[in-house]
Amino acid sequence: MAGKNIIKVLLVEDNPGDVLLLQELFKEVSTVVVELMPVERLYEAVNQLTNETFDVILLDLSLPDSQGLQTFVIAHNQAKATPIIVLTGINDETLATRAMQQGAQDYLVKGQVTGDLLVRSMRYAIERQRADNALQQSEERFRVALKSSPIFVYNQDRDLRYTWVYNPPSGLTVEKILGKQDLDIIPVEDAQRLIAIKRGVLTTGIGTREEVSITIKDTTRYYDLTVEPLRNETQEIVGVTCASIDISERQAALRDRKLAEEKIREQAALLDVTTDAICVRDLNNQIIFWNKGAETLYGWQATEAWGKNASELLYDEPSPEIEAALLQAISKGKWQGELTKLTKMNKEVLVASRWTLVCDEQGKPKSILTVDTDITEKKHLEAQLFRAQRLESIGTLASGIAHDLNNILTPILAGAQLLPLKFPNADERTRHLLEILEINARRGADLVKQVLSFARGVEGKHITLQLRHIIVEIAKILKETFPKSIEISTNIPQDLWMVSGDSTQLHQVLMNLCVNARDAMSNGGTLSISAENMLIDANYARMNLEAKEGPYIVITVSDTGVGIPKEMLDRIFEPFFTTKDVGQGTGLGLSTVLGIVKSHGGFVNVYSELESGTSFKVYLPAVGGIETRNPENLPPQTGHGELILVVDDEAAIQEITTTSLEAHNYKILVASDGIEAIALYAQNRDKISAVLMDIMLPSLDGLTAIRTLQKINPQVRIIASSGLMSDNKLSAVAAIGVNTFLSKPYTVNELLLSLQKVLL
């Protein structure tokens, strides 16, 4: 019996001889196994169908407790999804035919069947029933879809009387429409317009699509009407089938756009007054308008520009950026961005460009209005201002090693967090060492992030924070690491105001200043860190161009070292400028300090005397509110047995991530590359709750793997992870719908919080 199909059959037959005959016929069949359940009465069949399912029912219509067509009706109502084959005598074929009209799949005449014929008939009945069930489900889905859509669907005969109606528009019902013509239910003018369209389809046999307006109960609505010929089995046209969609809101939007365009035309006389370059080009990219501002910016006179191809006139060569801008302007009606264009003298200018699609009275696009503002000088000044902070050499070096360095730091940081959990009874000295290990692993990770952020000119994440905590933490580190000959003192008021900033960057500012102070006191001395609240008034702001009126927090880092010569004070914030010996300093510390403080809206003042010491005062704008709690300090979130697929090519990260997640009640699957990840996910799709995917993988990169997983399951939850992510990569990750990114090295809490976020 191995490999044979099994057909469960309910036989409803009161004649023992016929039952025995059918049993013998089924035994002759070798292709399938028939499990036969015989019953003699209809009520017994109903009971069986209540408690069990069958593949097919063999039904005699003449039973002791039921006779005729009613027998089939009762059985069919009890099991609508189960095919029924009627068993009939030679004199009852008319009754069997009526049963088929009511839904029976077939009928067989007793005494004229064989085992193979029986099985074949049952198989055909089963397949036909499945097809009928599928068709009913499809029709139901279609009905539900139409019901929830704004589409009015109907059929009309050749006299254009409504014969079938679904989802009529507001103000009309099916009963008011069926059997009537358009002239009976809508105004004459609207009806005549519809009749002409439908008569044309009846005559030509070719469908059409038109926009029409219909007035019902003093309300005019606009419709997108599609009319197709309705044909019978012989392809004769017997009427029309129509679908109309209410587009009244679209028409209103079109009217609004026309009003806006009229306003643009009314203001056309003012275009030559503006200093912006204004150009209008048709959809073939030919220039049809060129104002005085465009003549001034690009050097081409209007008579020279008219009729020229804008791309050939203003660009050295076509670029994908221009093509993308054009497509967006046409599809969405507007685009704006920065573009580099060429003047008549072949000089590059950078412009802030705004494109607007202009349409004609019929709402069809006819041209593109472009307004360009010259920002070349502005960008040049910005580049000069931030050049010191965007150090390409550091950026290149840091980017090259950041990925591997972050992969090294990830297991160290996670291990440092797991060890106290593994050894809760460790002595105080051991706990202190583990605390130092975790703190320094965090600082190492933050330093890599900070160098990358600084080199690329990217601001950190600003939160409301209390600087007192940062100063206390730094003082603790200084006391443990600086020479004992240097005395560390702090003075921080309890009512110190809040600031909005990046704690890692501000930590780096203070640490850089303290390291410089240490180097200035080779023979020992005193390093003081103090903070105070300060209100800057208009008088102070006039004396210091970088200051603004308002509340500030002033942090002072003072030393009793050798001091800075007056002639060098103006240069100490220049990148690479240093007074230290070769190998003892890069000259980047103070330029980094200045760049970070300015990015926080603050400024720095320095006071120094030779042999007396130096004081740096860092001014940061104060903010209201309460301190924002760092998510890393929130209690750990445990899982509920969810299965997580961890994809990373680093064995150490695989192991420490697995250990960390298992310690917090997660189950883990591990893959070393994108191909293995796809295979594991395909096998365990219904079990895996989330995927932690490293973007930089061998064999198949993370982005491609993510796209493949999304094809397998569009709802897959993914956390992207990497130690080095360019802006392009981040954009690519976001573009494919992954909004949760975890930078390496990450802490256990960061990992748990990210998982909690995607599993919500």
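Residues numbered from 1 in each chain as written. Predicted model: local features only at pLDDT ≥ 70, side-chain atom pairs only at ≥ 80, totals over all residues. Heavy atoms only, no water.

Engineer: Which parts of the structure should I look at to understand the sheet that holds strand E26 (residues 667–671)?
Structural biologist: Note on sheets: strands pair through backbone hydrogen bonds, and any given pair is parallel or antiparallel. In space, the 5 strands of this open sheet follow the order E26-E25-E27-E28-E29, with parallel pairing throughout. In this open sheet, the two edge strands, each paired with only one partner strand, are E26 and strand E29 (741–743). The mean angle between the axes of side-by-side strands here comes to 20 degrees, regardless of whether they run parallel or antiparallel. Across 4 bridges, strand E27 (residues 688–694) lies against strand E28 (residues 718–722) in parallel orientation. Of the residues in E28, the one forming a bridge with Val691 is Ile718. (Pairing = 2+ DSSP bridges. Helix = DSSP H or I, 4+ residues; strand = E, 2+ residues; numbered from the N terminus. Axes fitted to C-alpha atoms, helices over the stretch in contact; angles between N-to-C directions.)

Engineer: Could you clarify how one ought to interpret the packing of aromatic side chains in this entry?
Structural biologist: Two measures describe an aromatic ring pair: the distance that separates the ring centres and the angle between the ring planes. For the structure on display, the rule yields 7 aromatic pairs. Centre to centre, the rings of Tyr552 and Phe603 are 5.8 Å apart; their planes meet at 65 degrees, and the pair counts as edge-to-face. Taken together, the positions of Tyr552 in strand E22 (residues 550–559) and Phe603 in strand E23 (residues 603–609) put the pair 51 residues apart, joining distant regions of the chain. One exposure class covers both Tyr552 and Phe603, and it is buried. Among the aromatic residues, those joined into a cluster by ring pairs are Phe152, Tyr154 and Tyr162. Positioned above the aromatic ring of Phe54 is the side chain of Lys8, whose terminal nitrogen or guanidinium carbon lies 5.4 Å from the ring centre. Taking the ring centre of Phe482 as reference, the NZ or CZ of Arg518 above it sits at 5.3 Å. (Phe/Tyr/Trp six-rings, centres within 6.5 Å; stacked < 30°, edge-to-face > 60°. Buried < 20%, exposed > 50% of the residue type's maximum accessible area, 1.4 Å probe, protein only. Lys NZ or Arg CZ within 6 Å of the ring centre and 35° of its normal.)

Engineer: I'm lost on a nonpolar patch on the surface in this one. Help?
Structural biologist: A cluster of nonpolar side chains, Leu405, Ile408, Ile412, Leu419, Phe423 and Leu437, forms an exposed patch at the surface whose accessible area comes to about 500 Å². In terms of residue count, helix H15 (residues 392–422) provides more of the nonpolar patch than any other element does, 4 residues in total. (Patch = residues over 30% accessible without salt bridge, like charges linked within 9 Å, V, L, I, M, F, W, Y side chains within 5 Å. Areas by Shrake-Rupley, 256 points an atom, 1.4 Å probe, with all protein chains shown as cover. Salt bridge = Lys/Arg side-chain N within 4 Å of Asp/Glu carboxyl O.)

Engineer: For this particular structure, what's the right way to read the side chain of Thr657?
Structural biologist: Among the secondary structure elements, Thr657 is positioned in helix H21 (residues 651–663). Given a relative accessible area of 2%, Thr657 falls into the buried group. Discounting chain neighbours no more than four positions away, the residues touching Thr657 are Val646, Leu692, Tyr746 and Leu751. (Contact = heavy atoms within 4.5 Å.)

Engineer: Help me understand the nonpolar core in this model?
Structural biologist: In this structure, Leu467, Leu478, Leu527 and Ile555 are the most contacted members of the largest nonpolar core, which totals 40 residues. Only helix H17 (467–481), strand E19 (486–491), helix H18 (503–519), strand E21 (525–536), E22, helix H20 (589–599) and strand E24 (613–623) provide two or more residues apiece to this core. It is H18 that provides the largest number of residues to this core, a total of 7 residues. Contact partners of Leu527, with chain neighbours within four places excluded, come to Leu478, Phe482, Ile486, Glu487, Ile488, Ser489, Cys514, Ala517, Arg518, Met521, Val557 and Ser558. Grouped together as the second largest cluster of nonpolar side chains are 25 residues, Ala302, Ala325, Trp335 and Leu357 included. (Core = buried A, V, L, I, M, F, W, Y, C linked by side-chain atoms within 4.5 Å.)

Engineer: Even after reading the chapter, I still don't get helix H13 (residues 320–332), so can you show me in this structure?
Structural biologist: Working note: α-helix, 3.6 residues per turn, so residues spaced by three or four point in the same direction. For H13, spanning 13 residues, the distance from its first C-alpha to its last is 18 Å, which sits close to the expected 18 Å at 1.5 Å a residue. Along H13, the positions that sit buried rather than exposed are Ile322, Ala325 and Ala329. Each buried residue of H13 lies within a common arc of 60 degrees when the element is viewed along its axis, so the set occupies one face. In H13, those exposed residues whose orientation departs by more than 90 degrees from the buried face are Pro320, Leu327, Ser331 and Lys332. Among the structural elements, strand E15 (334–342) and strand E16 (348–359) are those in contact with the buried residues of H13. (Expected span 1.5 Å × (residues − 1). Arc of directions from axis to C-beta.)

Engineer: Just to check I follow, could you spell out the packing of H21 against helix H25 (residues 748–759) for this structure?
Structural biologist: The geometry of a pair of packed helices is captured by two quantities: the angle between their axes and the separation between those axes. Where H21 contacts H25, the axes come no closer than 11 Å and their chain directions differ by 65 degrees. With respect to their mutual orientation, H21 and H25 come out roughly perpendicular. Where H21 crosses over H25, the two elements pack in a sense that is right-handed. Between H21 and H25, the contacting residues are Thr657, Ser660 and Leu661 on the first element and Val748, Leu751, Leu752 and Leu755 on the second. Taken together, the residues of the contact of H21 with H25 break down into 5 nonpolar, 2 polar and no charged. (Parallel < 35°, antiparallel > 145°, perpendicular 65-115°, else oblique. Left-handed = near helix turned anticlockwise from the far one by under 90°. Nonpolar A, V, L, I, M, F, W, Y, C, P; charged D, E, K, R; others polar.)

Engineer: Just to check I follow, could you spell out helix H22 (residues 674–683) for this structure?
Structural biologist: Listed as buried for H22 are Gly674, Ala677, Ile678, Leu680 and Tyr681. For H22, the angular spread of buried residues about the axis comes to 170 degrees, placing them on one side. In H22, the exposed positions angled more than 90 degrees off the buried face are occupied by Ile675 and Gln683. Packed against the buried residues of H22 are strand E25 (643–647), E26, E27 and helix H23 (702–712). With a side-chain oxygen lying 3.1 Å from the backbone nitrogen of Ile675, the N-terminal cap of H22 falls on Asp673. (Polar contact = N/O pair within 3.5 Å; in protein donor to acceptor, adjacent residues only side chain to side chain.)

Engineer: Even after reading the chapter, I still don't get the pairing of strand E12 (residues 237–246), so can you show me in this structure?
Structural biologist: Look at any regular strand and the pattern is simple: side chains alternate between the two faces of the sheet. Note: strand E8 (residues 151–157) against E12, 7 bridges, orientation antiparallel. Within E12, the position partnered with Phe152 by the bridge is Ser244. In the sheet, strand E11 (residues 219–231) pairs with E12 via 9 bridges, with the strands oriented antiparallel. Directly across from Pro229, in E12, lies its bridge partner Val240. The antiparallel hairpin formed by E11 and E12 contains 5 residues in its connecting segment, where Gln235 sits at a positive phi of about 65 degrees.

Engineer: Got a minute to help me understand the pairing of strand E20 (residues 498–501) in this structure?
Structural biologist: Strand direction decides the pairing type here: strand E18 (residues 463–465) and E20, joined by 3 bridges, are antiparallel. Each residue of the ladder has a partner; that of Thr464, found in E20, is Ser500. The pairing of E20 with E24 spans 2 bridges and is classified as antiparallel. Counted as the bridge partner of Met498 is Val623 from E24.

Engineer: Can you walk me through the packing of H22 against H23 in this structure?
Structural biologist: Orientation of H22 relative to H23, taken along the N-to-C sense of each, is 15 degrees, at an axis distance of 10 Å. Between H22 and H23, the angle falls in the class roughly parallel. As H22 packs across H23, the resulting crossing turns out to be right-handed. Each of Gly674, Ala677, Ile678, Tyr681 and Ala682 in H22 lies in contact with H23, whose residues at this interface are Ala705, Thr708, Leu709 and Ile712. Here the residues of the contact of H22 with H23 are counted per class, giving 7 nonpolar, 2 polar and no charged.

Engineer: How do you make sense of the pattern of salt bridges when you look at a structure like this?
Structural biologist: Where charged atoms from two side chains of opposite charge approach closely, those side chains can pair. Under the criterion given, the structure shown has 18 salt bridges. The closest approach of N and O atoms between Lys8 and Glu52, which form a salt bridge, is 3.1 Å. One end of the pair, Lys8, is in strand E1 (residues 5–12); the other, Glu52, is in the loop between helix H2 (42–51) and strand E3 (56–60), with 44 residues separating them in the sequence. Classification of Lys8 as partly exposed rests on a relative accessible area of 25%. Between Asp18 and Lys110 there is a salt bridge whose closest N-O contact spans 3.3 Å. With Asp18 in helix H1 (residues 16–28) and Lys110 in the loop between strand E7 (106–109) and helix H5 (115–147), the pair connects residues that are 92 residues apart, well separated along the chain. Residue classification places Lys110 among the partly exposed positions, given a relative accessible area of 25%.

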